[in-house]
Amino acid sequence: MSSDAKKLNDQLYAKMTAEQEKYRTWLLSQPAEEILNHACEYTMREDILMSVETNHLTAQQAAALLASPDALADLFHKLRDIDTDYMDTIHDCVTDYANEQAYRQQKELRNTPVYRESGTYASRHDEKDEYIASYKANIACKQTLEQAINGNYADNQLNVSAALRQAAELFGMERVVYVLAVTVRAKDWDGRIMPDNKAWAKTIPVAENLDAWSNDRNLAFVVDQAHTGLIDILVSHVRKELMREQPPAEKRPSVMDKLKKASPLETKAPAAEKKPDLEL
């Protein structure tokens, strides 16, 4: 298990343990008959906690469950009507539910439009929700790019195709380009980034740093947990992919092509004008 996955699993277990402790405190305050009515629920919730503690989820699955305010209660409601091999069912249910939530979150992130204005502009134009949603997606994209770069680097080579595909499938090419452009702009001082890539980044419309607050916000999704040289290699690959996606320029017809396409009436030489007879 990666360190990121372990950290997220530990956070998830701590959060669900706190949720269970809150439920237990409430249950103990109830009359005895009510406690008995909830005994099965309490036991099942304890088993869910045991499953989360012993059967580790991927980083993506754990992050998806962490996003739920009441993940333990949600899992209990999903499990209570199932009658089969109990603990295996609990583990399968936890995994399936985490995948469902991860897919839903990925879909939301991919469908979130890229917001290219500053936070100040968003506040003044009643577009704070759009700004915040895009900002969160930018940070998630930055983190995925860092994981993709580091995870696809081996034997002194970066598998740029795999790294780009990993990020673009989750967030779309437009957001990947936006985050990389902001990253290159923020590293304009860094000689490890090629001048052509720096020039390209300045052609991508991004939120201008109109004030310190928007500047700090932009810096929050700069790709900085990967080697700058590898970032530069990925940017070069992205530029090539963008060029490949552009439609070919329309070829201008030559003079000969125009003549070949012209109608016979247009190409036929005019008849010589007949001279009038001279009177003697």
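About the thresholds
- Residues numbered from 1 in each chain as written.
- Predicted model: local features only at pLDDT ≥ 70, side-chain atom pairs only at ≥ 80, totals over all residues.
- Heavy atoms only, no water.
- Helix = DSSP H or I, 4+ residues; strand = E, 2+ residues; numbered from the N terminus.
- Buried < 20%, exposed > 50% of the residue type's maximum accessible area, 1.4 Å probe, protein only.
- Contact = heavy atoms within 4.5 Å.
- Areas by Shrake-Rupley, 256 points an atom, 1.4 Å probe, with all protein chains shown as cover.
- Axes fitted to C-alpha atoms, helices over the stretch in contact; angles between N-to-C directions.
- Parallel < 35°, antiparallel > 145°, perpendicular 65-115°, else oblique.
- Left-handed = near helix turned anticlockwise from the far one by under 90°.
- Nonpolar A, V, L, I, M, F, W, Y, C, P; charged D, E, K, R; others polar.

Visitor: Explanation requested: the overall build of the protein in the structure shown.
Guide: Across its full length, the protein carries 15 helices and two strands. The burial tally for the protein puts 38% of its 280 residues in the buried class. Pairs at least 24 residues apart make up 71% of the contacts formed inside the protein by residues separated by at least 6 positions. Carbon and sulfur atoms make up 53% of the accessible area of the protein, which totals about 18,100 Å².

Visitor: Would you mind going over the environment of threonine 120 with me for this structure?
Guide: In this structure, threonine 120 sits in helix α7 (residues 119-124). With a relative accessible area of 18%, threonine 120 lands in the buried category. Residues threonine 120 and tyrosine 131, spaced eleven residues apart in sequence, show a C-alpha to C-alpha distance of 9.9 Å.

Visitor: I tried to follow the environment of lysine 136 on my own but got confused; where do I start?
Guide: Assignment of secondary structure puts lysine 136 in helix α8 (residues 128-151). The class of lysine 136 is exposed, set by a relative accessible area of 56%.

Visitor: Would you mind going over the side chain of threonine 183 with me for this structure?
Guide: Secondary-structure assignment places threonine 183 in helix α10 (residues 173-186). Classification of threonine 183 as buried rests on a relative accessible area of 0%. Non-local contacts of threonine 183, meaning those with residues more than four positions away in its chain, are made with Phe221, Val222, Val223 and Ile231.

Visitor: Can you walk me through the packing of helix α3 (residues 39-54) against helix α5 (residues 71-79) in this structure?
Guide: Running from N to C, α3 and α5 point in directions that differ by 115°, and their axes come no closer than 10 Å. Relative to α5, the element α3 is oriented roughly perpendicular. The chirality of how α3 crosses α5 is right-handed. Residues Glu41, Met44, Arg45, Ile48 and Leu49 of α3 form the contact with α5, whose participating residues are Leu72, Ala73, Leu75, Phe76 and Leu79. For the contact of α3 with α5, a count of residues per class yields eight nonpolar, no polar and two charged.

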